[in-house]
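Architecture and fold: a report
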Amino acid sequence: MVDKVHVNLMNSSYDISIGFNILKNFFISTIFLNNTNSVIITNNTIKNVILKNKYYSINKNIKNIPIFSIPDGECYKNLKEVENIISFLLKKLYGRDVILIAIGGGVVGDITGFVASIYQRGVNFFQVPTTLLAQVDASIGGKTGVNHILGKNMIGSFWQPKGVLIDIEFLSTLPREHIISGMAEIIKYAIIFDHEFFIWLEKNCFKILQLQKDTLLYCIKKCCELKALVIEADEKESNLRLFLNLGHSFAHAIEAYIGYGKWLHGEAVSVGIVISAYLSVQLNMLHKDYFSRIKTIFYRIGLPIKGPKGMLPQDYLEFMLRDKKVLSGKIRLILPVSIGKVQLFSSIENTSILRFIKKFQEDKH
Ligand code: GLY
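Residues numbered from 1 in each chain as written. Predicted model: local features only at pLDDT ≥ 70, side-chain atom pairs only at ≥ 80, totals over all residues. Heavy atoms only, no water.

- By the naming in an unreviewed UniProt entry, the protein chain goes by 3-dehydroquinate synthase and is assigned to Buchnera aphidicola.
- Regarding the protein chain, the UniProt comment filed under Pathway (unreviewed entry) reads as follows: "Metabolic intermediate biosynthesis; chorismate biosynthesis; chorismate from D-erythrose 4-phosphate and phosphoenolpyruvate: step 2/7."
- Entered under Sequence similarities (unreviewed entry) in the UniProt record, the comment concerning the protein chain runs "Belongs to the sugar phosphate cyclases superfamily. Dehydroquinate synthase family." (UniProt positions renumbered as here; feature names shortened; annotations may be inferred.)

1. Topic: unusual backbone geometry
- Unlike most non-glycine residues, Arg121 shows phi in positive territory, near 70°.
- Tracing the chain through its elements places Arg121 in the loop between α7 (106-118) and β6 (124-129).
- Judged by its relative accessible area of 74%, Arg121 falls in the exposed class.
- In this model, Leu211 sits at a positive phi of 60°, which is unusual for a non-glycine residue.
- Inspection of the secondary structure puts Leu211 in the loop between α10 (195-209) and α11 (213-233).
- What makes Leu211 partly exposed here is its relative accessible area of 26%. (Helix = DSSP H or I, 4+ residues; strand = E, 2+ residues; numbered from the N terminus. Buried < 20%, exposed > 50% of the residue type's maximum accessible area, 1.4 Å probe, protein only.)

2. Structural notes on the site of the ligand
- In the vicinity of the ligand, the contacting residues are Asp137, Lys143, Lys227, Glu237, Arg241 and Leu244.
- Contact between the ligand and Lys143: an oxygen atom at 3.0 Å from a side-chain N or O atom of the residue.
- In this structure, an oxygen atom belonging to the ligand sits 2.7 Å away from a side-chain N or O atom of Arg241.
- In isolation the ligand offers 200 Å² of accessible surface; the protein chains occlude 90% of this area.
- Across the shell around the ligand, the residue classes tally to 1 nonpolar, no polar and 5 charged. (Near = heavy atom within 4 Å. Polar contact = N/O pair within 3.5 Å; in protein donor to acceptor, adjacent residues only side chain to side chain. Areas by Shrake-Rupley, 256 points an atom, 1.4 Å probe, with all protein chains shown as cover. Nonpolar A, V, L, I, M, F, W, Y, C, P; charged D, E, K, R; others polar.)

3. Considerations on the pattern of salt bridges
- Under the definition given, this model contains 15 salt bridges.
- Across the salt bridge formed by Lys222 and Asp194, the nearest N and O atoms sit 3.0 Å from each other. With a gap of 28 residues between them, Lys222 in helix α11 and Asp194 in the loop between α9 (176-193) and α10 connect regions that are remote in the sequence. Here the two residues Lys222 and Asp194 agree in accessibility, since each one is buried.
- Where Asp323 meets Lys325, a salt bridge forms, and the shortest distance between an N and an O atom there is 2.9 Å. This pair shows no difference in class: Asp323 is buried, exactly as Lys325 is. (Salt bridge = Lys/Arg side-chain N within 4 Å of Asp/Glu carboxyl O.)

4. Regarding α7
- Here α7 contains 13 residues, and its C-alpha end-to-end distance of 18 Å stays within 8% of the 18 Å for a straight helix at 1.5 Å per residue.
- Counting buried residues along α7, 11 of its 13 residues qualify, which places the element largely inside the surrounding structure.
- Every buried residue belonging to α7 is among Val107, Val108, Gly109, Asp110, Ile111, Thr112, Gly113, Phe114, Val115, Ala116 and Ser117, and all of these are buried.
- Looking one or two residues past α7, Gln120 carries a phi angle of roughly 50°, positive in sign. (Expected span 1.5 Å × (residues − 1).)

5. Some details on the environment of Ile40
- Locating Ile40 in the fold gives a position in strand β3 (residues 38-43).
- On the basis of relative accessible area, Ile40 is assigned to the buried category, the value being 0%.
- Through-space distance from the C-alpha of Ile40 to that of Val230 is 29 Å; in sequence the pair is 190 residues apart.

6. Things to note about the nonpolar core
- Residues Ile220 and Phe298 are the most contacted members of the largest nonpolar core, which totals 87 residues.
- Counting 23 residues, the second-largest nonpolar core is a separate cluster that includes Leu89, Tyr94, Phe114 and Val123. (Core = buried A, V, L, I, M, F, W, Y, C linked by side-chain atoms within 4.5 Å.)

7. Here we look at the packing of aromatic side chains
- All chains considered together, the criterion is met by 6 aromatic pairs.
- Both rings, one in Phe68 and one in Phe88, keep their centres 4.9 Å apart while their planes meet at 40°; by these two values the pair is tilted. Taken together, the residues Phe68 in strand β4 (residues 67-70) and Phe88 in helix α6 (residues 79-91) connect sequence positions 20 residues apart. Residues Phe68 and Phe88 agree in their burial class; the two are buried.
- Relative to Tyr316, the ring of Phe250 lies with its centre 6.4 Å away and its plane at 65°, an arrangement referred to as edge-to-face. Taken together, the residues span a long stretch of sequence, with Phe250 in helix α12 (residues 248-258) and Tyr316 in helix α15 (residues 313-320) at a distance of 66 residues. There is no split in this pair, since Phe250 and Tyr316 are both buried.
- Pairwise contacts between aromatic rings join Phe197, Trp200 and Tyr218 into one cluster.
- The ring of Phe197 is capped by Lys222, whose NZ or CZ atom sits 5.6 Å from the centre of that ring. (Phe/Tyr/Trp six-rings, centres within 6.5 Å; stacked < 30°, edge-to-face > 60°. Lys NZ or Arg CZ within 6 Å of the ring centre and 35° of its normal.)

8. Describing the sheet that holds strand β1 (residues 3-7)
- Spatially, the 7 strands line up as an open sheet ordered β1-β2-β9-β6-β5-β3-β4, and their pairing is mixed. The open sheet has two edge strands, β1 and β4, and neither has a second partner. Adjacent strand axes in the sheet meet at a mean angle of 20°, parallel and antiparallel pairs treated alike.
- The sheet contact formed by β3 and β4 spans 4 bridges and is parallel. Across the sheet, the residue bridging to Thr42 is Ser69, located in β4.
- In this fold α6 packs onto β3, β4 and β5 (99-104), with an angle of close to 165° to the strand it touches most, β4.
- With respect to the sheet, α7 is in contact with β3, β4, β5 and β6, its orientation differing from that of β5 by roughly 165°. (Pairing = 2+ DSSP bridges. Axes fitted to C-alpha atoms, helices over the stretch in contact; angles between N-to-C directions. Contact = heavy atoms within 4.5 Å.)

Structure (structure tokens):
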């Protein structure tokens, strides 16, 4: 059975298909059987999983789809790999009718989407996310791009996929820490939009970690529905979509400071959300009981709630000043004001941010 969530956009609507073992039907669909111009972009780890997949290997047409794979890891989400993919496409004489199929986590999805947006001024692509984090967030909404040494996702574009196919079966191939990392983005949705969902997660988070089928399906679909609503209201991140960056100003600073791939994205997001909630308590915008529940849920499932050792408040600020939400040199932060509600703050002075981070680091909370 396939569940569908529709993303309704003016010129680029698409479906998110969600289910177990549905990759087969995707490849057998007419687009791919009759198309000689599809290329799978993946990473070396997933490539082995795909090649071992019995549906893939028994179908001659599917087997003939060329695969280009990049090394596995956030440190490869860079312009050099973009160029490698483009060189492959050019050498094989792919034209504007090429269809790129990104099979992998956030790195593969972001980089493939970016290539799709610039190759010969733009070609079609599909997202087949294989990590929990990519299934609930990164593959949906058309944010594509790569990292720069001075800042995460600093080079990129908005380019919507033609479809997103979430085969939940892939999650059984993931190391446990990647499932835990994906939970950070799931909890993020609950803190931003939905107190009831947060309570549900407090009760069910361990069932998700155990990959219990019904729980996973409910939770992934719920996140896709929330994200679809946001994208439909604000595709290019002028207002509502900004909220999805809860915790990300701090998280991106951590990832850039320690070196891409040293921490998983969800780990950095967990710390980022906890710092955001702490700041909000300091500003008298969030009750400390809510802060405590937010911190506890991340801690219980095994996510970090403190930043990397040795990272000073000034180190956070340095990277946060290059955040994409900065306007005219002013840091803008999304902070929780309840569980299920966030607000955009644009007038917190840099000196106050430094002081709150210092207090956070020193506090025995
Ligand atoms: N991951 C946040 C967004 O897609 O807007």
